[in-house]
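Below are the chains, spelled out letter by letter.
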Amino acid sequence: MKGSWQDTLNLGSKLSIKKIWNIAKTLSSFYVSKWKGTPSHWGLPFSISIEPTTACNLRCPECPSGLRAFTRPTGLLQEDLYKKIVDELADYLVYLILYFQGEPYLHPKFFELVEYASKKNIYTATSTNAHYLHEKNAIKTVESGLDRLIISIDGTTQDTYEAYRIGGNLEKVIKGTETLLNVRSRLKSKKPYTIFQFLVVAPNEHQIEEVKQLAKNLGVDKVAFKTAQIYDYEQGSPLLPQQQQYSRYKKQADGTFQIKNKLLNECWKMWHSCVVTWDGKVVPCCFDKDATHQLGNLASEDFEKIWLSESYQNFRQSLLRSRSEIDICKNCTEGTKVWA
């Protein structure tokens, strides 16, 4: 795909001897843990997600931000807390995702957050609904050093787009993408690597080929088709697509649905990454949207202490023992994206 080799080289440029050694220790500890059936960890995460804000301008039906349905507090990431986290992990961190829930561009210092990590040679990425990519923000996006920008575009016509992105305006998304790519070209920058992410649901699955063509026309670098997570999937959902390669669930003989993939008693994410909420809570992964499995809080604790703590090791042990018994794992599946 267009520019993919440049993006790969850019990611590789973030590596150092110390980071490579940390990756090796993390990999080896994961495989030893699988073999032994008990958790060991000799490294630190080389990829984390930090949540800038839980605020969002849209009301997507399978999203806690969109539904305004969080049970945890909502708010904005404070700059001093963010810098503390980045400073602690800068020598080990390769990939930083500035996104969990909410719309990152609503954070008033979003570009400063990106720039701080970029200057520490960390690959930065975010995901946006692209409603705030006007000229000024497009310039700031490029100048911040952001390495990857994922743009959610779930339809090629307004009616299909807003069937899921409730309250959204497709024209703004397309215009914002054009503006960003024009600014990137004008500033002679190869970053951010720009991806259209298309969440495949029943109302839009007929537009898969159309979004590929739209991306090509605009000069978007890549298209990713993402399968939708449905909260109450057992009895089916009007959002489930007919094309099975784009569904996480399959219909059973009795008419109910279940996740396609087996829940193996392992999880690579528990060894190489984690998620940090806007107020510093460390949670296992992006499936823990309400932070019900809080493993520590960086507002009052050091990261390494949390990462190697008894509570974290106990959680890893529970995955190795029986992943199907953990609530956030029951609706988890691997391979949620198909690259075009």
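Structure first, text after, so check above.
Residues numbered from 1 in each chain as written. Predicted model: local features only at pLDDT ≥ 70, side-chain atom pairs only at ≥ 80, totals over all residues. Heavy atoms only, no water.

It is not clear to me how the packing of helix H6 (residues 135-144) against helix H8 (residues 170-186) should be interpreted in this structure. Could you clarify?
Working note: a packed helix pair is described by the angle between its axes plus the distance between those axes. Direction vectors running N to C along H6 and H8 enclose 50 degrees, while the axes themselves pass 9 Å from each other. On the basis of their axis angle, the class for H6 and H8 is oblique. By crossing handedness, the relation of H6 to H8 is classed as right-handed. In contact with Glu-135, Ala-138, Ile-139, Thr-141 and Val-142 of H6, H8 contributes Thr-179, Leu-180, Val-183, Arg-184 and Arg-186. For the contact of H6 with H8, the residue count by class is five nonpolar, two polar and three charged. (Axes fitted to C-alpha atoms, helices over the stretch in contact; angles between N-to-C directions. Helix = DSSP H or I, 4+ residues; strand = E, 2+ residues; numbered from the N terminus. Parallel < 35°, antiparallel > 145°, perpendicular 65-115°, else oblique. Left-handed = near helix turned anticlockwise from the far one by under 90°. Contact = heavy atoms within 4.5 Å. Nonpolar A, V, L, I, M, F, W, Y, C, P; charged D, E, K, R; others polar.)

Before we go on, may I ask you to explain the pairing of strand S9 (residues 273-276) in this structure?
Two faces, one strand: in a regular strand the side chains alternate between the faces of the sheet. Side-chain alternation along S9 places Ser-273 and Val-275 on one buried face and Cys-274 and Val-276 on a second face that is also buried. Where strand S1 (residues 47-50) and S9 come together, four bridges link them in parallel fashion. Bridge pairing in S9 links Ile-48 to Cys-274. Judged from the two bridges that link them, S9 and strand S10 (residues 281-283) form a sheet pairing that is antiparallel. (Buried < 20%, exposed > 50% of the residue type's maximum accessible area, 1.4 Å probe, protein only. Pairing = 2+ DSSP bridges.)

Help me out: how do you make sense of the environment of Val-275 in this one?
The topology assignment puts Val-275 in strand S9. Judged by its relative accessible area of 4%, Val-275 is buried. Along the sequence, Val-275 and Ile-139 sit 136 residues apart, while their C-alpha atoms lie 28 Å from each other. If sequence neighbours within four positions are ignored, Val-275 has contacts with Ser-49, Phe-100, Lys-281, Val-282, Val-283, Pro-284, Cys-285 and Cys-286.

Where do I start with the nonpolar core in this structure?
Generally speaking, soluble globular proteins have nonpolar side chains that are buried together. One finds Ile-50, Tyr-82, Leu-96 and Phe-196 to be the most contacted residues of the largest nonpolar core, which totals 84 residues. With sequence-adjacent residues up to four places away left out, Leu-96 is seen in contact with Ile-48, Ile-50, Tyr-82, Ala-117, Ile-122, Tyr-123, Thr-124 and Ala-125. (Core = buried A, V, L, I, M, F, W, Y, C linked by side-chain atoms within 4.5 Å.)

When you look at the pattern of salt bridges in this model, what are you seeing that I'm missing?
A side chain of one charge can pair with a side chain of the opposite charge if their charged atoms are brought near each other. Going through the model one piece at a time under the given rule, you end up with 16 salt bridges. Ionic pairing is found between Asp-147 and Lys-14, a salt bridge with its closest N-O pair at 3.8 Å. Here the residue Asp-147 occupies a position in the loop between H6 and strand S4 (148-152), and Lys-14 occupies one in the loop between helix H1 (4-12) and helix H2 (17-36), the gap between them amounting to 133 residues. For the pair formed by Asp-147 and Lys-14, the shared burial category is buried. For Asp-87, the salt bridge is made with Lys-120, and the minimal N-O distance between the two is 3.4 Å. With Asp-87 in helix H4 (residues 79-89) and Lys-120 in the loop between helix H5 (110-118) and strand S3 (123-128), this residue pair connects regions lying 33 residues apart in the sequence. (Salt bridge = Lys/Arg side-chain N within 4 Å of Asp/Glu carboxyl O.)

Mind showing me how you'd approach a nonpolar patch on the surface here?
The grouping of Leu-15, Ile-17 and Ile-20 at the surface amounts to a nonpolar patch, some 300 Å² of accessible area in total. Along the chain, Ile-20 falls in helix H2. Classification of Ile-20 as partly exposed rests on a relative accessible area of 44%. (Patch = residues over 30% accessible without salt bridge, like charges linked within 9 Å, V, L, I, M, F, W, Y side chains within 5 Å. Areas by Shrake-Rupley, 256 points an atom, 1.4 Å probe, with all protein chains shown as cover.)

In this structure, what is going on with unusual backbone geometry? I would like to understand it.
Most peptide bonds are trans, and most residues other than glycine sit at a negative phi. Omega for the peptide link from Lys-191 to Pro-192 comes to 0 degrees, which places this bond in the cis form. Of note, the phi angle at Ala-130 is positive, near 65 degrees, even though the residue is not glycine. Take Ala-130: it is sitting in the loop between S3 and H6. Of note in this structure, Lys-188 is not a glycine but carries a positive phi near 55 degrees. Using a relative accessible area of 77% as the deciding quantity, one classes Lys-188 as exposed.

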